[in-house]
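Residue-level listing of the chains:
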Amino acid sequence: MNLRAIFQDFNPSKFVLYFCLLLFSVLLALRLDSTIQWSYWAVFLPLWIWKVVVITGAARGIYVWWKHPEYRTEGDSYVEFKAMLICLGLNLLLLMFELLACDNLEFKHHLWLLVFMPLFFISPVSIAACIWGFRHDRSLEFETICSVNILQFIFIALRLDHVILWKWVIVFVPMWILMCLVCLIVLYYIIWSILFMRSTDVMAEQRRAHLILAITALALVLPFLTFEVLLANRLDGDNQYQFVAIMAPLYISLLTLMGMSFGQKGGNHWWFGIRKDFCQFLLEVCPCLREYGNISYKIHHDDDEEDEDAMTDPQRGTPRAQPIITSSPTKCVVPVISIEMPD
């Protein structure tokens, strides 16, 4: 295991996001089961931490951008800075929704349509952000999720206000449609990985990479789909499972996403104004970590010993003679052309 290769592809922003969502889902399940009697303001604490990190990182990046104009000509600095501002704006709208939702859960002062209003604004802005990201070859996963779920947000708000009295299984129809498309993509990954495993023209490293991708996609989508089915049945009264048990598959999906953050190299270099990869920045701040970052571990298998024994002669126990390839000096070879002259 090469620690340096792992942390070079580490995406700290996604790791912080998924870790905060995992803590929030655990606290929310305990609160809904009445295992803890905390205020919802305390239950939403992981989300507040996430937003503080985002706002602080963006403020620091804006300050560095304003203080050092010479940094603006480095590579794709303008594109990355605009991407950071777009992400900051969407997170501020999401923060407004979280504040309204937390207040409504605590005191029930507002209609849920009013609470979901920031999400209604996020969706069209996310569509514009996705178009901008496609033009500038940038991956905008959060914006994509927000843009395709606007109908789901409307249905949930209307159902919570009892404007519609549909069953929750019907309310989640937009989510079922989206999950069907995701399941088709996962099935494509699985079939593609099986074809790669059976092919002899593909390198072993490529086959391993496709197999890991298929297993990761399956571990991400299948638990999340199970969580949605259990939640819909629980809200409709078809089961009486505790919310901790219902959210257990969601924990698996979030843990999978946290593990995937170690292999998703990327992220905006303008967060906190570091202007470089997180691994390189961390090694410059803490030089003592360089000693550990250059260490690689290799697990010794019994197959290695068998390979070494196979290289020795079984009768005399001496190493077999290996063919020696010697390089000869290059010579100029001139083709012989025979031209018959007429008599």
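Rules of the game
- Residues numbered from 1 in each chain as written.
- Predicted model: local features only at pLDDT ≥ 70, side-chain atom pairs only at ≥ 80, totals over all residues.
- Heavy atoms only, no water.
- Phe/Tyr/Trp six-rings, centres within 6.5 Å; stacked < 30°, edge-to-face > 60°.
- Salt bridge = Lys/Arg side-chain N within 4 Å of Asp/Glu carboxyl O.
- Helix = DSSP H or I, 4+ residues; strand = E, 2+ residues; numbered from the N terminus.
- Buried < 20%, exposed > 50% of the residue type's maximum accessible area, 1.4 Å probe, protein only.
- Lys, Arg positive; Asp, Glu negative; His and termini not counted.
- Polar contact = N/O pair within 3.5 Å; in protein donor to acceptor, adjacent residues only side chain to side chain.
- Contact = heavy atoms within 4.5 Å.
- Core = buried A, V, L, I, M, F, W, Y, C linked by side-chain atoms within 4.5 Å.
- Arc of directions from axis to C-beta.
- Axes fitted to C-alpha atoms, helices over the stretch in contact; angles between N-to-C directions.
- Parallel < 35°, antiparallel > 145°, perpendicular 65-115°, else oblique.
- Left-handed = near helix turned anticlockwise from the far one by under 90°.
- Nonpolar A, V, L, I, M, F, W, Y, C, P; charged D, E, K, R; others polar.
- pLDDT = per-residue confidence, 0-100.

**Looking at the packing of aromatic side chains**
Piece 1. Taken as a whole and judged by the stated rule, the model has 15 aromatic pairs.
Piece 2. Linked through ring pairs, Phe24, Trp41, Phe44 and Trp48 together constitute an aromatic cluster.

**Things to note about the pattern of salt bridges**
Two side chains that carry opposite charge are able to pair once their charged atoms sit near each other.
Piece 1. Taken as a whole and judged by the stated rule, the model has one salt bridge.
Piece 2. For the salt bridge of Lys51 with Glu98, the shortest nitrogen-to-oxygen distance reads 2.9 Å. On the criterion of sequence distance, the pair formed by Lys51 in helix 4 (residues 45–67) and Glu98 in helix 5 (residues 77–107) is long-range, its members being 47 residues apart.
Piece 3. What makes Glu98 buried here is its relative accessible area of 5%.

**A word on the environment of Asp76**
Piece 1. Mapping Asp76 onto the fold places it in the loop between helix 4 and helix 5.
Piece 2. Spatially, the C-alpha atom of Asp76 lies 10.0 Å from that of His269, the residues being 193 residues apart in sequence.

**A look at the side chain of Asp33**
Piece 1. You can see Asp33 is positioned in the loop between helix 2 (12–32) and helix 3 (40–43).
Piece 2. As a buried residue without a salt bridge, Asp33 has its nearest oppositely charged side chain in Arg234, at a separation of 5.5 Å.
Piece 3. In this structure the side chain of Asp33 is engaged in a polar contact, spanning 2.9 Å, whose partner is the backbone nitrogen of Phe243.
Piece 4. In this view, Asp33 contacts Gln242, Phe243 and Val244; residues no more than four positions away in its chain are not counted.

**Points about the nonpolar core**
Grouped burial of nonpolar side chains is what soluble globular proteins tend to show.
Piece 1. Counting 57 residues, the largest nonpolar core has Phe44, Trp50, Phe97, Phe116 and Leu119 as its most contacted members.
Piece 2. Among the elements that make up this core, the one with the highest residue count is helix 5 (nine residues).
Piece 3. With residues near it in sequence (within four places) discarded, Leu119 still touches Leu94, Phe97 and Phe153.
Piece 4. In this structure, Met175, Met179, Ala217 and Val221 belong to the second largest nonpolar core, which totals five residues.

**Section: unusual backbone geometry**
Piece 1. The backbone phi angle of Ser34 is positive, close to 60°, even though this residue is not glycine.
Piece 2. Along the chain, Ser34 turns up in the loop between helix 2 and helix 3.
Piece 3. The class for Ser34 is partly exposed, based on a relative accessible area of 45%.

**Some words on helix 8 (residues 141–148)**
Piece 1. Every buried residue belonging to helix 8 is among Glu143, Cys146 and Ser147, and all of these are buried. Looking straight down helix 8, one finds its buried side chains confined to an arc of 100°; they lie on one side.
Piece 2. Tucked inside the fold, the buried residues of helix 8 contact helix 5, helix 7 (117–135) and helix 9 (150–160).

**A closer look at the packing of helix 12 (residues 204–235) against helix 14 (residues 248–260)**
Piece 1. Axis separation between helix 12 and helix 14 bottoms out at 7 Å; the angle between their running directions is 155°. What the angle tells us is that helix 12 and helix 14 run roughly antiparallel. For the element pair helix 12 and helix 14, the recorded crossing hand is left-handed. Touching Thr216, Ala219, Leu220, Pro223, Phe224, Thr226, Phe227 and Leu230 of helix 12 are Pro249, Leu250, Ile252, Ser253, Thr256, Leu257 and Met260, all from helix 14.
Piece 2. Grouping the constituent residues of the contact of helix 12 with helix 14 by class yields eleven nonpolar, four polar and no charged.

**What to know about the environment of Phe262**
Piece 1. Counting through the fold element by element, Phe262 comes out in the loop between helix 14 and helix 15 (278–285).
Piece 2. In the structure, Phe262 is positioned 250 residues away from Pro12 in sequence and 8.3 Å away in space, judged by C-alpha atoms.

**Thoughts on the packing of helix 2 against helix 4**
Piece 1. Viewed as axis vectors pointing N to C, helix 2 and helix 4 meet at an angle of 160°, and their least axial separation amounts to 8 Å. In terms of their interaxial angle, helix 2 and helix 4 are classed as roughly antiparallel. Judged by the sense of rotation from one axis to the other, the crossing of helix 2 with helix 4 is left-handed. Residues Leu17, Cys20, Leu21, Leu23, Phe24 and Leu27 of helix 2 form the contact with helix 4, whose participating residues are Pro46, Leu47 and Trp50.
Piece 2. In the contact of helix 2 with helix 4, the residues fall into nine nonpolar, no polar and no charged.

**Comments concerning the confidence of the model for the protein chain**
Piece 1. Looking at the protein chain, the pLDDT average stands at 80 and 76% of residues meet or exceed 70.
Piece 2. Contacts from residues 301–331, a stretch scored under 50 in pLDDT, to residues over four places away or in other chains number twelve contacts.
Piece 3. This stretch, residues 333–339, has a pLDDT under 50; its non-local contacts, to residues over four places away or in other chains, come to zero contacts.

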